[in-house]
Every structure is written in structure tokens, then in C-alpha cells.
Amino acid sequence: MDILAELNPAQREAVEAIGGPVLILAGPGSGKTRVIAHRVAYLVKVCRVSPRRIMAVTFTNKAAREMETRLHRLVSGSVRDLTLGTFHAICARILRREGKAIGIDPRFVIYDEEDQLSLLKRSIQEAGLDPKQYAPRAIRSAITSAKSRLLTPQDYLESSRSYFEEVAGRVYERYQQLLTASSALDFDDLLMKAVQLFKQSPEILSRYQERYLHLLVDEFQDTNLTQYELVKQLAGKYRNICVVGDPDQSIYSWRFADLRNILNFEKDYPEAKLVLLEQNYRSTKLILETASYIISANQQRKPKELWTDNEPGELTTVVETYTEQEEAQFVVSEVERLVGRGEVNRGDCAVMYRTNAQSRALEEAFVRYGVPYKLVAGTRFYERREIKDIIAYLRLIQNSYDSVSLLRIINVPQRGIGQRSLSQLSNRARSAGVPEYRALQLIAEPTDKPSPPFSSRISRAMAGFVNLMEGLIARSRELNLVDLLDLVIESSGYKEYILGGLDGEERWENILELRTVAGQYRDLTPRDGLAAFLEGVTLVSDVDGLDESVDAVTLITLHQAKGLEFPVVFIVGMEDGILPHFKSFDDPGQMEEERRLCYVGVTRAKQRVYLIRAFRRSLMGSSTVNRPSRFLSDIPSHLITGGALWEGEDSLAATAMYSWNRASAPSLAVTELKAGDHIRHAEFGDGVVVSCQPVKDDEEVVIAFAGVGVKRLLLSYANLEKVE
DNA sequence: CGAAAGGCTCTTTTT
DNA sequence: GAGCCTTTCG
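Residues numbered from 1 in each chain as written. Chains lettered and ligands numbered in written order. Predicted model: local features only at pLDDT ≥ 70, side-chain atom pairs only at ≥ 80, totals over all residues. Heavy atoms only, no water.

Participant: Residues and numbers for the protein's contact with DNA strand C, please.
Facilitator: In the region of DNA strand C, the neighbouring residues are Lys121, Arg360 and Met620. Here a phosphate oxygen of DNA strand C and a side-chain polar atom of lysine 121 are 2.9 Å apart. A distance of 2.8 Å separates a phosphate oxygen of DNA strand C from a polar side-chain atom of arginine 360. (Near = heavy atom within 4 Å. Polar contact = N/O pair within 3.5 Å; in protein donor to acceptor, adjacent residues only side chain to side chain.)

Below is the structure:
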């Protein structure tokens, strides 16, 4: 198989430029993933580079898996030896192996954001501050920002320029101590500690530099300084580094991704070869044109010319509904209409939104009309309470210093160890300078006289917990992961606890689901299985769970949608305040990022784009009226079709929509009337049902009447007659 | 100690 | 509207 055969000249150039640094600027749909895969294949097959000596960094695990699949086709076998994964996963692996050199316990656990917040609260308190005055989230963000610039607490304190930063610095200091005491690393530590490791241990660094003859980094526009530093370290010897990115798709500045990395790359590697991928293979001409208009409104950007040989395709449909329920309903009916016409499958459609909260109304509509969908995040599986509880048990088995997990489950299910006892326990641990678990063991020792302030009842409860854990730890050395998990669930009493609680059955199902995941680790040694499982469940991303084989509509945030493509894309919430989000109003830089986000959404589409907004929407409980997104006005009207689906200021548009909707006739089977039905009303005459929606024990129908306009009526009073 | 109820505050995006 | 925290009562 000729690896270069199916590539265009620019792609080919990118694949063949293998000596020295390469910067690939790749527009959406320009075959960037393909280029990376082919480049790896080229290295292996043509240049005879051992896969062991190649590292490819992707943004999500899903992207890594995709790469793996592609490579299987291209080079088969040997893919196993590649180093392929996210920055976080790769760093975790390195630290597990080499971290000892800088004092990292190889059994370290990884704290996700929830764990991080809980430890931060403690840090704030222990720094003598009030968590209500200093929002843990704000401090977390400060710490993340420090870590993404490689600043230690000391560095950060020295550079602090405000009272808040000083406070944050002090908390950061304490937080870091607590992390160390817990043998834990947070997400940002994984990156920062890896860089520190290589800084402090040139021997280790040179071993890795030696090994990795070739490095590839995808989504380079979304890396932070620490990540870039790591890449530079690894590429220090051979300088064979290939980065791929698109400044116009940079949407993670809030995670301290830094676009300057792209500029600095050209400075740090002046000999770098630059390759532009400008031909788009994904979208129709009209979609690409629409997208170009949107992104061109950004001032801080280097213009670039994307083009495509694809068909012109359809105009972008812009629709305004009255509420977010109708917005959702429109999406569902439109999907069904397209499916009914045999144009697409449901799985070809995606609905994208700015905030996770928006998925709610959509989900309700999909459920109501029985249209299958898959929600990419939701309450993310691994963040569910019952899942995190079980994971906490497992973590504590692996690493009994893990205080966040200990405090999480010591009284779950209830063992009579309450808040008071816990803070006393923490105090004692702190003053004795030992981990909480050690303090517990001491209290639990039978020889101990009653040790005030713990009553004998409390001491007994604590001893019970220690015994439970000791038993689990002992058995963990011989049990495979599934058996260990079962033992945890049984012996801790968690099963009865969860089944007896709210939504017990559902939560229990989730635990069984976790058990299935654990099954994948069954064949590893008990020790490795546990470690690998814990790492896996912490470093997953939401899109990782996206299953393409299911024919259902995808509901997904715009951020998650990056890197994906769909024939039909609906972007909902096209309103000022939602997209762009109101938090970005006073910062032009952030506003440009919002625009890029919109651009990312539109450029996911292959065939059709719908930009939908609601006139009125309930946000945080109360109802708000938003103006149409300013991004809509960046699109010239000749690229747009559609209009309002309710009786708004623009009833002309409503009439236009009426005839448009007449042709749509979606098949929604919930009420007797459905959108698209033709009816007759005694007063208003003939009309077409635009939407129906249950309200209390009635049905609210929105009907477009010829010559009269759009009316909202209650079914029971309207006295409608169905016309065939 | 623990369950229940009421009150508070935020809500962007996520490896 | 939800999740978190505090208060209150048994």
C-alpha cells in the first residue's frame, strides 16, 4: 500500500518532511488527522523508524483511539509500541515509572476537579481563611494558571501582584503540601511534575530524548506553556518535532492554552518547515463560505484562504423559535423530516450548544418524541456520586495516604463517624504529623486505652472501618479487579446502602456498569489492574464515550465537538448571552474565542447547518429575553434561509416559515395533532401546526394561519378541525 | 450522629 | 433549578 498515494500535494509535503521541526497549520476538514496518521505510517514503513521511538500526542483519548484504528489499517501490528495518548496520560505513565527521582510515590492517585476542590477547601481553612470569602473555584483557577506556567507556590507568591494572588499563593502552598501528604497529583501536576522531573534529572531526560526520535502533537493551538515546555524537552536532542494546529480553532484559553506557542514555535525552531493545509474535504462550499464570514470578523487573526471542491450544497437555515422547548422541538422535527425523506440517518445529526445546561430541553424533546439520541456529557458517568464512592474505596486500597478518598467514604455508608469526629481526626493527624489513615489505625489499636476526645463508641466505629480496609488491602494482592470490586461493594455494605437510597436501582445499575468497565482489566495482575483502572477512570474524557455505531442524534457541547464531523449540524442557543456567552462581553479577546467556538461548530458540518435561537429562554430558573447572536450578523443574508417560527416582530418571516414548514411535515407521534398537520379554525381559517407541547393537562399548539399569522392556542379551547 | 428542611449562591467551556 | 451548606430536630 502506497502511503502517499491518497494525499494531496500539501498533505504529502507534510508527511514527507521528516527531518527537523515542522509546523502544520491545518484548517478544518483539511485532513489533519489523516496527515498525522500517514506521517506515522510513513515513518514506520518507509523510514524504518521503530514505533517505539515515536510519540504522538492527541487531545482526547478518543482521538488517540481513532489514530490507532487508522494506523492499524496503514501499518497493522506494531502500533502497540507507539507512545500514543493525551499529554495527561503520557505524563502519568512517565511519572509512575520515574517519579521517584523527584520524590513522587509511584502509587500516587490522580485527583480530579472535585477532589481538588475538596482538598482546596481544607487548604483554605488551614491557611486560616474563610472558604466563603475566597471562592475555592477562583483559587483553583489561579493555581491551574500557575501550574500551566510552571510556577511553584514560591514562584507564584513572589510574582503576586494583588492581595487575591497573595492569598491564592498561600493556599497553593498549603494545598501542595496536602497533595504530597496524600500521595496525590492533580491534573496540572501531571504535566508540571513531568517537566520538573526532566529539569532536575538530566539523565532521565536524556533517556527519553534518546528514545523519542519523532514527536507529533495534535491540536497544538490548545496547549499551554507547560505542555509546550515538555515537548521542547523531549525534542531536545533530535528536534524532529511536528506540531499540527489551527489558531482559528483555539477554544481553550480558559484552560490557559496559549496561542503564543504557535508563534514561539517558529522562534524556537527557526528552521521549521511550514505547511499549510487549506483544502477542505468536509463541507459544502456554502458551509465553508458561511464559516469564513464568521471567523473573518475576528481582528486578531492571520487571514487564510480555505477552499473546497465540494458541491455548493444548501443554504444555512436560521430559525427563531419562541422558547427553548420549541427550539428543541424544532430540532427533533427537523431531524425526523430529514430522516423521513431518506436523506440522512439520525446518527448523522448533531446538536451543539454552548453550555451543558442547554442539553436539558433538548433531551426532554427527544425523549418525548421517542427519537433516539446520545448525550455526550450529561452528569458525567465517572462524576456520579456512587461511582466516585466506589472509586474512593479502590483508591484507598491502592494508596492509604489518600485523604480525600478516606474522608469521602469513611462514613459512607454511615458508620456513626460524624463531622465532629472527622475534624478531630484531622487535627490529631496533623499534630502528630501522620496521614489520617495512620491516625485511624492508632485509634483503632485494641491495646489503646480510650483515647479522648473519641468515645469508645466512636473508636469502635473507627476500628471497624480500619479492619474493613485492612481486609480489603490484604485481599487486593490476590484478587482480580472485578472480584475486588465485588468484595468492596459487599463488605462495605455499599450495596444495601445504595439500593435503600434515592434512585437506588438506577445508581446500582451504574455500579454494575462500572463493574463491566473493570472487567477490561481482569487479566492484569491485581496490582497493575487496580492502578491501570484507576488511571483510566480518572483520565477519560466525555467524548471518549461517544459510540458511533449507535444510530442516534448526538447532543454535544461545542467544545467537545472539536475534531468531530457530522453531515447535519444544529447549533442551538444562537443568542447574545449564550453564544457569545455573557461572561465574554467585556473582554474582546474572549469574545474572539466565542466566535472561534461558533466557527468550530459550523465547520463540523458536511452537508447542512442550522443556527437556531429562542426568543425567550429560562436561565437559572428565571426567564430571559436574549437578542440574536451577534455572530449571525456576520453572515451575509444571501447565505441564509429560514425565519421566525412564532409571532414575533418579524411576522413576514413567520409567513415565509409557514410555507417552508408546510413542506416539512415531520412525523411526531405524541398527540393527535402534530407539527405539519393541516387544520381549520373557526375564526382564523386554515393553518398548519408548527409545534405542540403538553402543558399541565392540556396541549399548547402553535399554528401558522394563512394570511393571519402565527397563533398559540390551547388544544381544548381552540376547537380545531383536522384537514387532510 | 443523622435525616430533613430551608436557605444560599451560582452557573462556560474540560484534560 | 440544582447543588451545597447550615440549621434544626429526633
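Participant: How would you sum up the pattern of salt bridges? Please name residues and give values.
Facilitator: All chains considered together, the criterion is met by 50 salt bridges. Note that aspartate 222 and lysine 562 form a salt bridge whose closest N and O atoms lie 2.2 Å from each other. Residue aspartate 222 is located in the loop between β6 (214–217) and α11 (225–234), and its partner lysine 562 is located in the loop between α25 (558–561) and β15 (566–571); the two are separated by 340 residues in the primary sequence. What makes aspartate 222 buried here is its relative accessible area of 4%. The partner of glutamate 565 in a salt bridge is lysine 606, and the shortest N-O contact between them spans 3.3 Å. Pair noted here: glutamate 565 is in the loop between α25 and β15 and lysine 606 is in strand β16 (residues 605–614), with a separation of 41 residues, a long-range link. Several salt bridges share partner residues, and in doing so they unite Asp112, Glu114, Asp115, Lys388, Asp389, Arg395, Asp402 and Arg408 into one network. (Salt bridge = Lys/Arg side-chain N within 4 Å of Asp/Glu carboxyl O. Helix = DSSP H or I, 4+ residues; strand = E, 2+ residues; numbered from the N terminus. Buried < 20%, exposed > 50% of the residue type's maximum accessible area, 1.4 Å probe, protein only.)

Participant: Please give an account of the protein's contact with DNA strand B that cites residues and values.
Facilitator: Looking at DNA strand B, there are 27 residues lining it, with Glu113, Arg354, Gln414, Ser421 and Met620 nearest. The sugar-phosphate backbone supplies 56% of the atoms of DNA strand B found within 4 Å of the protein. Within the side chain of histidine 559, a nitrogen or oxygen atom sits 3.2 Å from a base oxygen of DNA strand B. Within the side chain of glutamine 560, one N or O atom sits 3.1 Å away from a phosphate oxygen of DNA strand B. Only α18 (419–432) and α25 provide two or more residues apiece to the surface near DNA strand B.

Participant: Now, about the sheet that holds strand β1 (residues 22–26): what can you tell me, with residues and values included?
Facilitator: Taken in spatial order, the 6 strands make up an open sheet running β3-β2-β6-β7-β1-β8, and their pairing is parallel. Among the strands making up the open sheet, the edge pair consists of β3 (83–86) and β8 (273–277). The mean angle between the axes of side-by-side strands here comes to 15°, regardless of whether they run parallel or antiparallel. Pairing geometry for strand β2 (residues 54–58) and β6, over 4 bridges, is parallel. Residue isoleucine 54 lies in a different strand from β6, and its bridge partner there is histidine 214. Packed on one face of the sheet, helix α1 (residues 9–16) meets β1 and β8 and runs near 145° to β8. In the packing of helix α12 (residues 260–268) onto the sheet, the strands contacted are β1 and β7 (241–245), and the crossing angle to β1 comes to about 145°. (Pairing = 2+ DSSP bridges. Axes fitted to C-alpha atoms, helices over the stretch in contact; angles between N-to-C directions. Contact = heavy atoms within 4.5 Å.)

Participant: Pulling in residues and values, what's your account of the pairing of β6?
Facilitator: By the alternation rule, side chains of β6 split into His214 and Leu216 and Leu215 and Val217, which are all buried. Here β6 runs beside β7; their pairing, made up of 3 bridges, is parallel. Within β7, the residue paired with valine 217 across the bridge is valine 243. For the crossover that starts at β6, traverses α11 and ends in the parallel β7, the hand is right-handed. (Right-handed = clockwise from strand over helix to strand, strands pointing away.)

Participant: Describe unusual backbone geometry, with residues and values.
Facilitator: Put simply, valine 412 and proline 413 share a cis peptide bond, and its omega is -5°. Following the sequence through the fold, proline 413 ends up in the loop between α17 (403–409) and α18. Of note, the bond from leucine 579 into proline 580 is cis; its omega dihedral lies within 30 degrees of zero at 5°. With respect to the secondary-structure elements, proline 580 resides in the loop between β15 and α26 (588–602). Phi at leucine 150 takes a positive value of approximately 65°, unusual for a residue other than glycine. When you line up the elements, leucine 150 lands in the loop between α6 (136–147) and α7 (153–159). If you check the backbone angles, glutamate 219 has positive phi at about 50° while not being a glycine. Residue placement: glutamate 219 occurs in the loop between β6 and α11.

Participant: Break down the sheet that holds strand β14 (residues 553–557) for me, citing the residues and quoting the values.
Facilitator: Strands belonging to one sheet form pairs held by backbone hydrogen bonds; the direction of such a pair is parallel or antiparallel. With parallel pairing, the 7 strands of this open sheet are ordered in space as β13-β14-β12-β15-β16-β11-β19. Bordering the open sheet on either side are β13 (373–375) and β19 (640–644), each of which pairs with just one other strand. The average undirected angle you get between the axes of adjacent strands in this sheet is 20°. The pairing of strand β11 (residues 316–321) with β16 spans 5 bridges and is classified as parallel. Bridge assignment links valine 318 to a residue of β16, and that residue is leucine 611. Seen against the sheet, helix α15 (residues 359–368) touches β12 (349–353), β13 and β14 and runs at an angle of roughly 155° to β13.

Participant: Please provide a residue-by-residue account of the nonpolar core, values included.
Facilitator: Within soluble globular proteins, side chains that are nonpolar tend to cluster in buried spots. In this structure, Ile139, Leu190, Phe198, Leu230, Ile241 and Phe265 are the most contacted members of the largest nonpolar core, which totals 63 residues. Discounting chain neighbours no more than four positions away, the residues touching isoleucine 241 are Gly20, Pro21, Val22, Leu215, Val231, Ala235, Phe265 and Tyr269. Judged by nonpolar contacts, the second largest core, of 52 residues, contains Val412, Leu481, Val517 and Val537. (Core = buried A, V, L, I, M, F, W, Y, C linked by side-chain atoms within 4.5 Å.)

Participant: An account of the environment of serine 405 is needed here, citing residue identities and associated values.
Facilitator: Tracing the backbone through its elements, the reader meets serine 405 in helix α17. On a C-alpha basis, the gap between serine 405 and leucine 394 in space is 9.0 Å, while along the polypeptide they are 11 residues apart. Not counting chain neighbours up to four residues away, the residues in contact with serine 405 comprise Ala392 and Arg395. Separated by 3.3 Å, the side chains of serine 405 and arginine 395 make a polar contact.

Participant: So what's going on with helix α2 (residues 32–45)? Residues and values would help.
Facilitator: With 14 residues, α2 should cover 20 Å at 1.5 Å per step; its first-to-last C-alpha distance of 20 Å lies within 8% of that length. In terms of residue burial, α2 counts as a mostly covered element, since 11 of its 14 residues are buried. Those residues of α2 that fall on the buried side of the exposure criterion are Lys32, Val35, Ile36, Ala37, His38, Arg39, Val40, Ala41, Tyr42, Leu43 and Val44. (Expected span 1.5 Å × (residues − 1).)

Participant: Break down α18 for me, with residues and values.
Facilitator: For α18, built from 14 residues, the straight-helix expectation of 20 Å at 1.5 Å per residue is met to within 8% by its first-to-last C-alpha distance of 20 Å. Residues of α18 that are buried include every one of Ser421, Leu422, Leu425, Ser426 and Ala429, and no others. Seen from one end, α18 has its buried residues packed into an arc of 140°, which puts them on one side. Turned more than 90 degrees away from the buried face of α18, the exposed residues are Arg420 and Ser431. On its buried face, α18 is in contact with α17, α19 (436–444) and α20 (456–476). Two residues or fewer after α18 comes glycine 433, characterised by a positive phi angle close to 65°. (Arc of directions from axis to C-beta.)

Participant: Can you lay out a negative patch on the surface for me, pointing to particular residues and giving the numbers?
Facilitator: Side chains of Asp503, Glu505, Glu506 and Glu509 sit close together on the surface and give a patch of like negative charge. Counting through the fold element by element, glutamate 505 comes out in helix α23 (residues 504–519). (Patch = residues over 30% accessible without salt bridge, like charges linked within 9 Å, V, L, I, M, F, W, Y side chains within 5 Å. Areas by Shrake-Rupley, 256 points an atom, 1.4 Å probe, with all protein chains shown as cover. Lys, Arg positive; Asp, Glu negative; His and termini not counted. Charge placed at Lys NZ, Arg CZ, Asp CG, Glu CD.)

Participant: Tell me what's going on with the confidence of the model for chain A, and back it up with residues and numbers.
Facilitator: Predicted confidence across chain A gives a mean pLDDT of 88, with 92% of residues reaching 70 or more. The least confident element of chain A, judged by mean pLDDT, is helix α27 (residues 651–664) at 43; the most confident is β15 at 97. Confidence drops under pLDDT 50 across residues 650–671; counting only partners more than four residues distant or on other chains, this segment forms 43 contacts. (pLDDT = per-residue confidence, 0-100.)

Participant: Can you explain empty space enclosed by the protein? Please cite residues and give values.
Facilitator: Taken as a whole and assessed by the stated rule, the structure comprises 4 cavities of 30 Å³ or more. Estimated volume of the second largest cavity: approximately 50 Å³. Lining the second largest cavity we find Arg96, Phe108, Val109, Ile110, Arg395, Gln398, Ala531, Leu534, Glu535 and Thr538. Among the elements that take part in the lining of the second largest cavity, helix α24 (residues 526–539) stands out by supplying 4 residues, more than any other. Looking at the lining of the second largest cavity residue by residue, the classes come out as 5 nonpolar, 2 polar and 3 charged. (1 Å grid on protein atoms, 1.4 Å probe; cavity = no way out; pocket = protein on both sides within 12 Å on 5 of 7 lines; lining within 4 Å. Points joined across faces, edges and corners; volume = space filled by probe spheres on them. Nonpolar A, V, L, I, M, F, W, Y, C, P; charged D, E, K, R; others polar.)

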